[in-house]
Amino acid sequence: MTSADAITIPADLLPSDSRFGCGPSKVRQEAVDALAAAGPTYLGTSHRKATVQFTVAALRNSIAEMLVLPDGYEVLLGNGGTTAFWDAATFHLIDDRAQMAVMGEFSSKFANAVDAAPHLGAPEVVSVDPGQAAMLSANAEIDTYCTVHNETSTGVAIDPVRPDGDGLVLVDATSAAGGLRFDASATDCYYFAPQKCLASDGGLWIAACSPAAVERIERLSASDRWCPAFFDLGIALTNSRKDQTYNTPALATIFLALEQVNWINNNGGINWSAGRCDANAEAIYGWAEAHELASPFIADTSIRSHVVATIDFDDKVDANAIAATLRNNNILDTESYRKLGRNQLRISLFPAIETDDLVALTRCIDHVIEQLA
Ligand SMILES: *Cc1c(COP(=O)(O)O)cnc(C)c1O
């Protein structure tokens, strides 16, 4: 047995790109090069002037195209990432009572924010054990249904469906948007941040809102419900319509997100990018299923994510030692979600990740397991 820090993975096994994290995730070098080229006339310029506003407008339009949004849907954006958007949603999307589908760390964080909001009624929480899918169900007392498209902490993906009735459907698509197919008309607010499938950096939230969601935002932001301006979705709506944000955004984040969405749209749209994720999923899960010591954590293939893979290991091998050895060899961020506490690796299957690199990763893992044994 070789100790983890003494293992050197042979160079011919290494992937061409070593980033496998689920957020922040691999940013394509072509996008970074384009940013560097645009830098002198874009970076460090006013976000209230044409150059940046055109980029924001292009991002809003290209996202609408990529997500195949129905007529009347609007793309809003603001600062603070998905976590800030959760707080904003408690002020100006949820009227009184929300139903929260909780199936892991991210969905539970939003449920906690809703539960703690003093101006809202107690949410109805539908929760399941990690690794399972929580489903929304119609309830006449509910005005807002909240779920995730992909629960990044466990690797469970669900198809968003609209419960009967007129409650708004809010979908956290932070790790799904741009990588998983879905029917936008089943959602009223499909929101995300760009450091996952959009291969950009963090700090921004983006929300595709239906006319009903926009109407809710307009009504609640005009009501006497107190709200900090930073979380005010009425202000975000007004600014977004002018291709601006309320306060200064990270210009590089906007630029890189647009590069990725254009890359997807120019290659065939969501079916193309989701197809890349399907191929990535096949490479990882196919390897794990055939492996003596590895297996997909999510046994049910109908909810097994094609953007985030979670792979369990037999007790005979220590997944933390595998991840640490990979890291020593500059293969990054394969550790399992810290709070899940399983003998597991978590691996990004996002559109920017090359299938060949995932195949190379499986060979590296096999090599490490052999050396650790
Ligand atoms: C990453 C992630 C978040 C958190 O996003 P931030 O931009 O860091 O706030 C929320 N929900 C899901 C599903 C995520 O994957």
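Structure first, text after, so check above.
Sequence order as written defines the numbering, with residues in each chain counted from 1. Residues qualify for local features only when their pLDDT is at least 70, as the model is predicted, and side-chain atom pairs are given and counted only at 80 or more; totals for whole chains, interfaces and linings, by contrast, use all residues. Only hydrogens and water are set aside when side-chain values are computed; all heavy atoms of the structure are taken into account.

Novice: What is the right way to read the state of the cysteines from this model?
Specialist: Each disulfide consists of one covalent bond between the sulfur atoms belonging to two cysteines. Any cysteine sulfur atom paired with another within 2.5 Å is treated as part of a disulfide. With the rule as written, the count across this model stands at 0 disulfides. Summary of cysteine pairing: C22 is not part of a disulfide, and the nearest cysteine sulfur, belonging to C197, is at 9.6 Å.

Novice: So what exactly am I meant to see when it comes to the site of the ligand here?
Specialist: In the vicinity of the ligand there are 13 residues, among which T83, T152, D172, Q195 and K196 approach most closely. Here a polar contact means two N or O atoms within 3.5 Å. Within protein one must be a hydrogen donor candidate and the other an acceptor candidate, and residues neighboring in sequence count only if both atoms are side-chain atoms. Backbone polar atom of T82 to an oxygen atom of the ligand: 3.2 Å apart, as the coordinates give it. Measuring from an oxygen atom of the ligand, one finds a side-chain N or O atom of T152 at 2.4 Å. For the ligand, whose unbound accessible area comes to 390 Å², protein coverage reaches 87%. With 4 residues, helix α3 (residues 81-92) is the largest single contributor of residues to the shell around the ligand. Residue type decides the class: Asp, Glu, Lys and Arg count as charged, Ala, Val, Leu, Ile, Met, Phe, Trp, Tyr, Cys and Pro as nonpolar, and the leftover types, Gly among them, as polar. Grouping the amino acids of the shell around the ligand by side-chain chemistry returns 3 nonpolar, 8 polar and 2 charged. Proximity is defined per residue: any heavy atom of the residue falling within 4 Å of a molecule or strand makes that residue near it. Here the Shrake-Rupley method, with its probe set to 1.4 Å, supplies the accessible areas, and only the displayed protein chains count as covering residues. Helix numbers and strand numbers start at the N terminus; a helix is a DSSP run of H or I with at least 4 residues, a strand a run of E with at least 2.

Novice: What is the right way to read the packing of aromatic side chains from this model?
Specialist: Given two aromatic rings, one states the distance between the centres and the angle between the planes to describe the pair. Each pair of aromatic rings taken from Phe, Tyr and Trp, with Trp reduced to its six-membered ring, is defined by centres within 6.5 Å and is described as stacked if the planes are under 30 degrees apart, edge-to-face if over 60, and tilted in the remaining cases. Under the counting rule described, the total for this entry stands at 12 aromatic pairs. Ring plane angle 80° and centroid distance 6.4 Å describe the contact between F110 and Y191, whose orientation is recorded as edge-to-face. With F110 in helix α4 (residues 105-116) and Y191 in strand β8 (residues 189-192), the pair connects residues that are 81 residues apart, well separated along the chain. The exposure class assigned to Y191 is buried, which follows from its relative accessible area of 1%. Joined through ring pairs, the aromatic side chains of F85, W86, F110, Y191 and W205 make up one cluster. Two thresholds decide whether a charge sits over a ring: the Lys NZ or Arg CZ must be within 6 Å of the ring centre and within 35 degrees of the ring normal. Positioned over the ring face of W263 is R28, at 4.2 Å from the centre of the ring. One Lys or Arg, R304, reaches over the ring of Y285 and ends 4.9 Å from the middle of that ring. The cut-offs for exposure are 20% and 50% of the maximum accessible area for each residue type, with area from a 1.4 Å probe on protein chains only; residues under the lower value are buried, those over the upper are exposed, and the others partly exposed.

Novice: I tried to follow the sheet that holds strand β4 (residues 144-148) on my own but got confused; where do I start?
Specialist: Hydrogen bonding along the main chain pairs the strands of a sheet, whether they run parallel or antiparallel. At least two bridges found by DSSP between two strands are what make those strands a pair. A sheet is described by the order of its strands in space; here 7 strands give the open sequence β1-β9-β8-β7-β4-β2-β3, paired in mixed fashion. Among the strands making up the open sheet, the edge pair consists of β1 (74-79) and β3 (124-127). Neighbour-to-neighbour, the strand axes of this sheet turn through a mean angle of 20°, independent of strand direction. Pairing analysis gives 4 bridges linking strand β2 (residues 98-102) to β3, with the strands arranged parallel. When the bridges of β3 are listed, M100 appears paired with V125. Docked against the sheet, α3 engages β1, β7 (168-172), β8 and β9 (204-209), running at close to 50° with respect to β9. Against the sheet, helix α5 (residues 211-222) engages β1, β4, β7 and β9, with an angle of about 115° to β9. To get an axis, a line is fitted to the C-alpha atoms, and for a helix only the part in contact is used. The angle between two axes follows their N-to-C directions and goes from 0 to 180 degrees. Should any heavy atoms of two residues lie within 4.5 Å, those residues are counted as being in contact.

Novice: Which parts of the structure should I look at to understand the packing of helix α8 (residues 270-290) against helix α10 (residues 355-372)?
Specialist: Helix-helix packing: each pair is described by the crossing angle between the helix axes and the interaxial distance. At a minimum axis separation of 9 Å, α8 and α10 run at an interaxial angle of 15°. Taken together, the axes of α8 and α10 lie roughly parallel to each other. You can see that α8 and α10 cross each other, and the crossing is right-handed. Only T355, L358, V359, T362, I365 and D366 of α10 make contact with α8, whose side of the interface consists of R276, A279, N280, A283, I284 and W287. Residues of the contact of α8 with α10, tallied by class, amount to 7 nonpolar, 3 polar and 2 charged. Here is the rule for angles: anything less than 35 degrees is roughly parallel, anything more than 145 is roughly antiparallel, 65 through 115 is roughly perpendicular, and the remaining ranges are oblique. Left-handed describes a crossing in which the near helix is turned anticlockwise from the far one by less than a right angle; the clockwise case is right-handed.

Novice: Sorry, what's going on with helix α6 (residues 233-241) here?
Specialist: Three- or four-residue spacings in an α-helix give side chains the same orientation, since the helix completes a turn every 3.6 residues. Within α6 the residues assigned to the buried category are L233, G234, A236, L237, N239 and S240. Buried residues in α6 make contact with α2 (50-66), β1, α3, β9 and α5. The residue sitting at the N-terminus of α6 and contributing the capping side-chain oxygen is D232; that oxygen lies 2.8 Å from the backbone nitrogen of G234. Directly after α6, the chain includes D243, whose backbone phi takes a positive value near 55°.

Novice: Is there a simple way to think about the side chain of T174 in this case?
Specialist: As for its placement among the helices and strands, T174 is situated in the loop between β7 and β8. Among the polar contacts listed, one links the side chain of T174 to the side chain of T82, at a separation of 2.8 Å. In this structure the side chain of T174 is engaged in a polar contact, spanning 2.5 Å, whose partner is the side chain of D172. Setting aside anything within four residues of it in sequence, one finds T174 in contact with T82, Y191, F192, A193 and K196.

Novice: What is the right way to look at the pattern of salt bridges in this model?
Specialist: Where side chains of opposite charge bring their charged atoms close, a pairing between them can arise. Here, a salt bridge means any Lys or Arg side-chain nitrogen found within 4 Å of an Asp or Glu carboxyl oxygen. As enumerated under the stated definition, the model contains 16 salt bridges in all. Of the charged contacts, one joins D243 and R60 as a salt bridge, the two residues approaching to 2.8 Å between their closest N and O atoms. You can see D243 sitting in the loop between α6 and α7 (251-266) and its partner R60 sitting in helix α2, a full 183 residues away along the chain. In this structure, D243 and R60 share a single accessibility class: buried. Notably, a salt bridge pairs E354 with R276, separated by 3.2 Å at the nearest N-O pair. Of the two residues, E354 is situated in the loop between β12 (344-348) and α10 and R276 in helix α8; the sequence distance between them amounts to 78 residues. Residue class for E354 comes out partly exposed when judged on its relative accessible area of 34%. One salt-bridge network, in which partners are shared between bridges, spans E74, E218 and R241.

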